[in-house]
Amino acid sequence: MSHSCFHCGEVIPKGISLFVQIDTIEQAMCCVGCEAVAQTIVDNNLTDYYRFRTEVAPKSETLIPEQLKRTILLDDESLQDEFALHTGEYKETILTVEGISCAACAWLIEMQLTKLPGIFSITVNATTQRATVKWHDATLKLSEILIAIDKIGYKAQPFKASDIEEANQKQSKTFIKRLGISGILMMQVMMIAVGLYFGAFSDMSSHNLIYLRYISLFLTIPIITYGALPFYLGAINALKVRRLSMDVPVSIAIILAFSASTWATINQSGEVYFESVSMFTFLLLIGKFLEFRARNRAAEVSANLLKLMPMTAIRLKNNKEEFVVARKLEPQDQVIIKPGETIPADGVIITGASQLNEAMLSGEQLPINKTIGENVFAGTINGDSNLIVEVKHAGQHSFLSQLIRISEASQAHKPKLAKLSDKIAQYFVAIILLTAIATAWYWQQHLPSEAFWITLSVLVATCPCALSLATPTALTCATTRLNRSGVMIKSGHVMETIPAVDLIAFDKTGTLTSGDFSINQLSIIDKSYSKEAIYGYASALEAHSEHPIAKAFSVYRDFSYKTEAIEILSGVGVSGLINNKKVSIGKPQWLLIEEQLDIYKNAQCIMTIDGKTVAAFYLKDKVRKESHDLIAQLHHQNIRTCMVSGDNQLGCNQVQSSLNLGQVYSQLSATDKMEKIKELQKECNVAMVGDGINDTPVFGAAHVSIAMGGGTDIAKSGADVILLNNNLASILILKKTATKTKRIIWQNYGWAFGYNAIVLPLAVSGHITPYMAVIGMSLSSILVISNSLRLLKIKN
């Protein structure tokens, strides 16, 4: 029994009997404090601390090792506000995960973390090397999630654009260093090998030739240790959790080839293939590096978006300006934005007017005029005038942060085909290993001298890397391309579903039309009210509505009319008390009796006061310029169109005659629209396009839902796709990109499966050398990535 504390090294007082099991050995502790710290280290799988520490922990040290301290610090609520989104009892964040080399790694992390109690969802994007995690905060802490990821050999931390850029640069430098060292040494080994093969050293004595073999051995050691290290780590991490990854056959091939050559060198008998091992590893590293560069290129979009956020802001407090950290801004704070500066948080302009560049949201480079009362978004750039903005949303709740989260979630989504291929890839690695064993046995019986190298070729040539890259690279490139055109994919199934859509249903107001209403005519029914009073009552009520029609009344707002007990009926109208009078404004069908409907059937709004009909409002709206071309293009592609609207028959017919739409269904409530969509779905795959206001039930019914993105809360919108540029023509880009993405995914799978089907029998029969195997495997992966990158070049 030890007489000193295993944790701090101090003498254990008499009568103290405390033990902690560390690496299967009971270790004595001197006090309850040391026992608690040691148990925490064990519980968090950090016993390597004891293995590698250079001195015992001081008695006063009550904290656990540095790695665990940093991780637990991330559980702090104020710190989590910077990178985590709170939604009720759940929290959601994006993590950067180091060490992901292929889709199998992503699958492995997902499988392990779903076992944790408290995990609601986890999706890992192998292309961007990020994980989106949602967890129950009362059940599970973020530090426990990070430690669980660490246990299977990966390092995770909250996603920050600047950190990602720094980590990628560091990883890129490491890759180049590995490539440089492996490349230079490989060339030296090749020079010796070429000389030996072509008889340049034929006149040398045998002991000099043995010397050259040893030189080749020592030159190869750094290549197969430092150069090939990423493959070994990937294989070990997979085997730890009893899984097979692509790195397993590659690692076996490198180790076997080097071991056999080393044995032949020491015994001075048989052939050596140090040049094969060197070139094999070098070509594999080139393939990995090119994959890394391609992943970085695809991941740059969301990282660049986050880098648009300014670090500081000028806040107005008690009429004094003060510099503050932008992420510390809170709702109701007032900030000054000077010409050329970036908006630090979502808000509303309360003083000034300017032009803003919102290209990062919509892809539209032309500046947009903004004035008092209009929304501005974090990351957009102020043009030519000073603005004072009142903050509405800050930090993780900003429009920009929503875009990042939605983009990550949609890219991480796996279609059914991809899920199937992931399963196939797992079994395929096992098949490769079994085939390699059978190949080795067969050739050992028939041609022992070549058995080893034929087996090596089988292990390498058939590695299914391309299979795992087929879907994630295509989806990432497709969403990146759509983001550039102002199209945000919110739901992962969109890219699968859109190509099958054969009927698109449009809402009218704010979708096919611009939604910029103006009052064309006012009909006063009760002459006891003046025109000014009617506008005062109407504008006071409509100020509480988000419907596009409400904007027509904003110019008549009179703040002397005080409202209370406001009630908004979705898609119908608004009612409330104004100066002790019950006032309602809305659709004629809601407020008029049967006899009056024929008289005012063409009015968009009716107003009643204390139950009496007071006025009828006739509004006008313009058809969007792009609507004509869109409908014509859809019909040309044999896609049917229809309109489902709550507007009156006359207004719908006017739009229908202008655009030549297929069917028109007018005067529908939100429930009626939903039922109509369900009815249409019996014969067609239906996409619904609306303005995102009061459309949630209808969106939920359609196969795919598309919302105009004119500043609505995209996180709350039930739509699958958001047109951030508010341009209907983007639907054609979406359809074209989704169709091409589906085609490219099939091409990727066709190539990956076809390559393996062709190369496996050739490798087994001995027709492929190790050189050819390495080049073939690397080229197949690069071809899949390059094919996916074509999606970035789709033209509007």
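Because the structure is predicted, anything quoted here is derived from the model rather than measured.

What counts, and at which threshold
Residues numbered from 1 in each chain as written. Predicted model: local features only at pLDDT ≥ 70, side-chain atom pairs only at ≥ 80, totals over all residues. Heavy atoms only, no water. Axes fitted to C-alpha atoms, helices over the stretch in contact; angles between N-to-C directions. Helix = DSSP H or I, 4+ residues; strand = E, 2+ residues; numbered from the N terminus. Parallel < 35°, antiparallel > 145°, perpendicular 65-115°, else oblique. Contact = heavy atoms within 4.5 Å. Nonpolar A, V, L, I, M, F, W, Y, C, P; charged D, E, K, R; others polar. Left-handed = near helix turned anticlockwise from the far one by under 90°. Core = buried A, V, L, I, M, F, W, Y, C linked by side-chain atoms within 4.5 Å. Buried < 20%, exposed > 50% of the residue type's maximum accessible area, 1.4 Å probe, protein only. Pairing = 2+ DSSP bridges. Phe/Tyr/Trp six-rings, centres within 6.5 Å; stacked < 30°, edge-to-face > 60°. Arc of directions from axis to C-beta. Polar contact = N/O pair within 3.5 Å; in protein donor to acceptor, adjacent residues only side chain to side chain.

We now examine the packing of helix 15 (residues 448-461) against helix 26 (residues 730-764). Two elements in contact, helix 15 and helix 26, have axes whose closest approach is 9 Å; the angle formed by their N-to-C orientations is 170°. Classed by the angle they form, the pair helix 15 and helix 26 counts as roughly antiparallel. Contacts between helix 15 and helix 26 involve Ile454, Ser457, Val458 and Ala461 on the former and, on the latter, Tyr755, Asn756, Val759, Leu760, Ala763 and Val764. Here the contact of helix 15 with helix 26 is built from residues that sort into eight nonpolar, two polar and no charged.

The N-to-C vectors of helix 9 (residues 229-240) and helix 10 (residues 247-267) enclose an angle of 125°; their axes lie 8 Å apart at closest approach. In this view, helix 9 runs oblique relative to helix 10, as classed from their interaxial angle. For the pair helix 9 and helix 10, the sense of crossing is left-handed. From helix 9, Pro230, Phe231, Tyr232, Gly234, Ala235 and Leu239 reach across to helix 10, where they touch Asp247, Val248, Val250, Ser251, Ile254 and Ile255. Classifying every residue of the contact of helix 9 with helix 10 by side-chain character gives nine nonpolar, two polar and one charged.

Ranked by size, the top nonpolar core spans 53 residues in total, and within it Phe231, Val250, Ile254, Phe280 and Leu284 carry the most contacts. Per-element accounting of this core gives the leading share, nine residues, to helix 11 (residues 274-307). Setting aside residues no more than four positions away along its own chain, isoleucine 254 makes contact with Ile224, Ala228, Phe231, Tyr232, Val277, Phe280, Thr281 and Leu284. Of all hydrophobic cores here, the second largest spans 50 residues; its members include Leu469, Ile706, Tyr749 and Leu792.

One open sheet holds the six strands; their spatial order is 19-24-23-22-21-20, and the pairing between them is antiparallel. Edge positions in the open sheet fall to strand 19 (518-524) and strand 20 (563-569), since each of these has one partner strand only. Each strand axis lies, on average, 20° off the axis of its neighbour in the sheet, ignoring direction.

An order of 17-29-28-27-18-25-26 is seen for the seven strands of this open sheet, with the pairing classed as mixed. The open sheet terminates on both sides in strands that have one partner only, identified here as strand 17 (487-489) and strand 26 (663-665). Strand after strand, the sheet turns through a mean of 20° between neighbouring axes, direction not considered. Here three bridges tie strand 28 (residues 704-708) to strand 29 (residues 721-723), and the two strands are oriented parallel to one another.

One non-glycine residue with positive phi stands out, namely aspartate 23, at about 50°. In this structure, aspartate 23 sits in the loop between strand 1 (18-22) and strand 2 (25-29). Non-glycine residue asparagine 579 carries a positive phi angle of around 50°. Relative to the elements of secondary structure, asparagine 579 occurs in the loop between strand 21 (573-578) and strand 22 (581-586).

Tallied over the full model, the rule gives 11 aromatic pairs. Ring centres 4.0 Å apart and planes at 5° place the aromatic pair tyrosine 535 and tyrosine 556 in the stacked group. Taken together, the positions of tyrosine 535 in helix 19 (residues 531-542) and tyrosine 556 in the loop between helix 19 and strand 20 put the pair 21 residues apart, joining distant regions of the chain. For tyrosine 535, a relative accessible area of 10% puts it in the buried group. Its relative accessible area of 32% is what places tyrosine 556 among the partly exposed residues. Pairing phenylalanine 553 with phenylalanine 617 gives two aromatic rings, centres 5.1 Å apart and planes at 75°, and the pair type is edge-to-face.

The set of residues buried in helix 22 (residues 625-636) consists of Glu626, Ser627, Leu630, Ile631 and Leu634. Angular distribution of buried residues about the axis of helix 22 spans 130°; they occupy a single face of the element. Turned more than 90 degrees away from the buried face of helix 22, the exposed residues are Lys625 and His636. Elements that come into contact with the buried residues of helix 22 comprise strand 18 (503-506), helix 18 (508-512), strand 25 (640-644), helix 23 (649-659) and helix 26. Directly after helix 22, the chain includes asparagine 638, whose backbone phi takes a positive value near 65°.

For serine 251, the location among the structural elements is in helix 10. Since its relative accessible area comes to 5%, serine 251 is described here as buried. For serine 251, the side chain forms a polar contact with the main-chain oxygen of phenylalanine 231, separated by 3.0 Å. If we skip the residues at most four places from it in the chain, serine 251 touches Phe231, Tyr232 and Ala235.

What follows covers the side chain of threonine 281. By the secondary structure assignment, threonine 281 is in helix 11. Among the residues examined, threonine 281 registers a relative accessible area of 0% and is labelled buried. Of the polar contacts made by the side chain of threonine 281, one reaches the backbone oxygen of valine 277; its length is 2.9 Å. With sequence-adjacent residues up to four places away left out, threonine 281 is seen in contact with Ile223, Ile224, Gly227, Ala228 and Ile254.

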